[in-house]
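What the coordinates show
Listed here are the chains, written in short residue letters.
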Amino acid sequence: MADAAASTAIPRKPKAKSKEPFYAVSPLWKDVVPIPLIDGPPGQKDPGPALATIAYSVRYSEAMSYLRAVMAANEFSRRALDLTEDIIGMNPAHYTVWLYRAKILRSLWDKEGVSVEDGVGEELEWLEGVSERNLKNYQIWHHRQLLVSLLPTFPANEPEFITHILSFDAKNYHVWTYRQWLCRRFPDPLLTTDAELRAVDALIHEDVRNNSAWNHRYFVCFGAEELAAIENSPGGGIRKDVLASGGGGLVVDEDVVAREVNYAKDHIAAAPQNPSPWNYLRGVLKRAAIPVTDLQVFCEGFVGGKDADLLSDSGAVRSSHAIDWLADIYRLDGKVERSKACLDALGSKWDPIRRKYWDWRAKQLATD
């Protein structure tokens, strides 16, 4: 079957979509006996009624029957590649098709003498259009990761492409996951220069509430190193234990910490009620083992100062997050009543939707 396919000139692009059967009447596929889906009770040998069937289109069912046939024969040909493209166009979430496509590509590159770099480049060019049409599809990004992992050097066009895709949805989880993988796969230049910091700063400047961008900033500054330390810990490790012990050769760069603390403070000042920079700041402090009590004066500046009336409507309270921090700070300083006043203010006025949580926190003060 594979030899017959290889000897026939196959058009690179699949035929236009149609509701009518295509492969059964195509001379390019006349040597293939399709394998239909047996969608019925166990032991059934022919297609028949089932308790709950999926209403596949005739076009899709036909294409899948031919895919089963070429997979059963281990055919890695151009026509099989076009078949996967056709099916992906109809169902881009079909992970088996993506995996088979990757196998076909590697086989074709070897047989046709195509370099990995050229083959990956051509496939990435095709993949860009598919990515734009299916922004939330995981399989697309897994396929891209598999392709890029074959490259010996950093693909220079990746940052531009990622920025383009994030312009559609700046919090696309799959894109950010891929971006972190890319940083670890190619730390030089992504983690050894300020390129990623500048890119993520632009996204935060565009939307200071983009928690995905804040998370990536932490990854660039600290997270990649932490992951390496955790992975290198004997038998694996737990992040809090690795950080506490300084294991894995973790080094605290005081200049980086100071820069990131000030960066977070500046963005908190610009949007005091935005939780992202508050969470980021807490993470930086924990990474550097800086006690949260060092931020008391900073936090009090968002509630009207020391001993301010937290229930006042004067406008002095500008951030419920600052009150939350102060509840912790006062507790650590032994000011239990003041800490309780913060939690009561959060439950009764500033964050009543989580009142039970703040009440629980207040009860915990008696057990500390």
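Residues numbered from 1 in each chain as written. Predicted model: local features only at pLDDT ≥ 70, side-chain atom pairs only at ≥ 80, totals over all residues. Heavy atoms only, no water.

Per an unreviewed UniProt entry, the protein carries the name Protein farnesyltransferase/geranylgeranyltransferase type-1 subunit alpha and comes from Cladophialophora immunda. Among the UniProt annotations of the protein, the heading Cofactor (unreviewed entry) holds the following wording: "Mg(2+)". Listed in UniProt under the heading Sequence similarities (unreviewed entry), the comment for the protein reads: "Belongs to the protein prenyltransferase subunit alpha family." (UniProt positions renumbered as here; feature names shortened; annotations may be inferred.)

A separate point is the nonpolar core. If you look at the biggest cluster of nonpolar residues, it comprises 93 residues, and the most contacted ones within it are L83, L182, L281 and C299. Ranked by residue count, the leading element in this core is helix α11 (residues 211-232), at 8 residues. The contacts of L281, once residues within four sequence positions are left out, are V261, A264, I268, L295, F298 and W325. (Core = buried A, V, L, I, M, F, W, Y, C linked by side-chain atoms within 4.5 Å. Buried < 20%, exposed > 50% of the residue type's maximum accessible area, 1.4 Å probe, protein only. Helix = DSSP H or I, 4+ residues; strand = E, 2+ residues; numbered from the N terminus. Contact = heavy atoms within 4.5 Å.)

In this section: helix α5 (residues 116-133). For α5, built from 18 residues, the straight-helix expectation of 26 Å at 1.5 Å per residue is met to within 8% by its first-to-last C-alpha distance of 26 Å. At L127, α5 shows its strongest bend, of approximately 25 degrees. For α5, the set of buried residues is G119, V120, E123, L124, W126, L127, V130 and S131. Contacts from the buried residues of α5 go to α3 (78-90), α4 (95-112), α6 (138-148) and α7 (158-166). (Expected span 1.5 Å × (residues − 1). Bend = angle between axes of the 7 residues up to and from the residue.)

Turning our eyes to something else, we now look at the packing of α11 against helix α14 (residues 275-288). In the contact formed by α11 and α14, the axes pass within 9 Å of each other and the chain directions differ by 10 degrees. The pairing of α11 with α14 is recorded here as roughly parallel in orientation. Note on element contacts: α14 touches α11 through S276, P277, Y280, G283, V284 and R287, opposite N211, W214, R217, Y218, C221, F222, E225 and E226. Of the residues in the contact of α11 with α14, the class split is 7 nonpolar, 3 polar and 4 charged. (Axes fitted to C-alpha atoms, helices over the stretch in contact; angles between N-to-C directions. Parallel < 35°, antiparallel > 145°, perpendicular 65-115°, else oblique. Nonpolar A, V, L, I, M, F, W, Y, C, P; charged D, E, K, R; others polar.)

In the structure shown here, the tally under the stated rule is 21 aromatic pairs. Measuring from ring centre to ring centre gives 5.4 Å for Y23 and W29, while their planes differ by 85 degrees; the resulting arrangement is edge-to-face. Taking 5.7 Å as the distance between ring centres and 65 degrees as the angle between the ring planes, the aromatic pair formed by F154 and F186 counts as edge-to-face. Of this pair, F154 sits in the loop between α6 and α7 while F186 is found in the loop between α8 (173-185) and α9 (187-190), placing the two residues 32 residues apart along the sequence. (Phe/Tyr/Trp six-rings, centres within 6.5 Å; stacked < 30°, edge-to-face > 60°.)

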